[in-house]
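# Structural characterization, general
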Amino acid sequence: MRGLFGPVQLRKAEGAGMKHDVSAFISPEFLIRSAIEVWEMAGAAALRHQVFVREQGIFAHHDRDQIDQIALPLVAISTLAADPAEVVGTVRIHEAEPGVWWGSRLAVAEPYRRVGRLGAELIRLAVGTANGRGCTEFHAHVQMQNVPLFRRLHWHLVEEVTLHGVPHAHMLASLPHYPAIADAATGWMARARRG
Ligand SMILES: CC(C)(COP(=O)(O)OP(=O)(O)OC[C@H]1O[C@@H](n2cnc3c(N)ncnc32)[C@H](O)[C@@H]1OP(=O)(O)O)[C@@H](O)C(=O)NCCC(=O)NCCS
């Protein structure tokens, strides 16, 4: 069951003498794991488009690139009545050379930001999964406004760079803080802080 309600805009029921605004619905539980189903991969692609093309305008038309051909997409999936409902967070990881992994295209749907620690959980899955596959270095180009988030999650700054015309921080994860995850497809459940 998915897409029944969408993340925020539930129907406003207006009847005789009755007004229900249920637009504040936020899924209380999330699956954190690799994308398995076709709709999950499509959901991750749609979320990336929403965030990096429409919201941030970093890319004019689309954000796909050659890394997508080899990357493992990871997702945070909202649930509805315990069923997977909608992709509300994503990141991708790939091994650029033996042992050297990169994470990129981290995005959480706007209504779900700072709700379920989804960004932090996706980063944990990303680095832990790479760690379980022989990672010796885990890199990311982080938008400057997110550097404090990554620092708190045990990443350190390597250098500042400009990518797609936008300032980024090249950062490295501290691997001992990310225990190896053997099976990204199983993942785990995360709970919202509210809802
Ligand atoms: C960056 C992003 C993925 C973070 O996702 P999120 O789910 O909101 O982050 P979390 O809830 O996991 O945050 C974890 C902690 O970091 C904090 N935090 C989140 N974003 C932060 C920021 N930009 N600066 C400082 N702290 C931040 C949260 O408050 C939370 O702290 P707490 O656990 O003490 O409450 C999300 O804001 C997003 O998609 N932004 C737009 C796209 C983007 O910038 N992508 C990243 C490219 S590098």
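Use the structure listed above.
Let me begin by describing the structure that accompanies this report. (Residues numbered from 1 in each chain as written. Predicted model: local features only at pLDDT ≥ 70, side-chain atom pairs only at ≥ 80, totals over all residues.)

## Topic: the overall build of the protein chain
Note the following rule: Numbering of helices and strands runs from the N terminus; a helix is a DSSP stretch of H or I covering at least four residues, while a strand is a stretch of E covering at least two. Residues are called buried when their C-beta atom has 20 or more other C-beta atoms within 10 Å, exposed when it has 12 or fewer, and partly exposed otherwise; all C-beta atoms are positioned from the backbone.
Along the protein chain, the regular secondary structure elements total three helices and ten strands. From first element to last, N terminus to C terminus, the protein chain shows the α and β order β-β-β-α-β-β-β-α-β-α-β-β-β. Sorting the 195 residues of the protein chain into buried and exposed places 32% on the buried side.

## Brief notes about the environment of V87
To be explicit about the condition: Working definition of a contact: two residues with C-beta atoms, positioned from the backbone, lying within 7 Å.
Tracing the chain through its elements places V87 in strand β5 (residues 83-97). If we ignore the near neighbours within four places in the chain, the residues touching V87 are E40, G43, A44, L47, V75 and I77.

## Quick notes on helix α2 (residues 118-131)
Just so we agree on the cut-off: A helix is expected to span 1.5 Å for every residue after the first.
Given a rise of 1.5 Å per residue, 14 residues ought to cover 20 Å, and the 20 Å separating the end C-alpha atoms of α2 matches this to within 8%. Within α2, twelve of the 14 residues are buried, which leaves it mostly tucked inside the rest of the structure. Within α2 the residues assigned to the buried category are L118, G119, E121, L122, I123, L125, A126, V127, G128, T129, A130 and N131.

## Things to note about unusual backbone geometry
Its identity is not glycine, yet R114 carries a phi of approximately 55 degrees, on the positive side. For R114, the position within the fold is in the loop between β6 (100-108) and α2. What makes R114 exposed here is the crowd of 10 C-beta atoms within 10 Å. We note that R117 has phi near 50 degrees; this positive angle belongs to a residue other than glycine. Relative to the assigned elements, R117 resides in the loop between β6 and α2.

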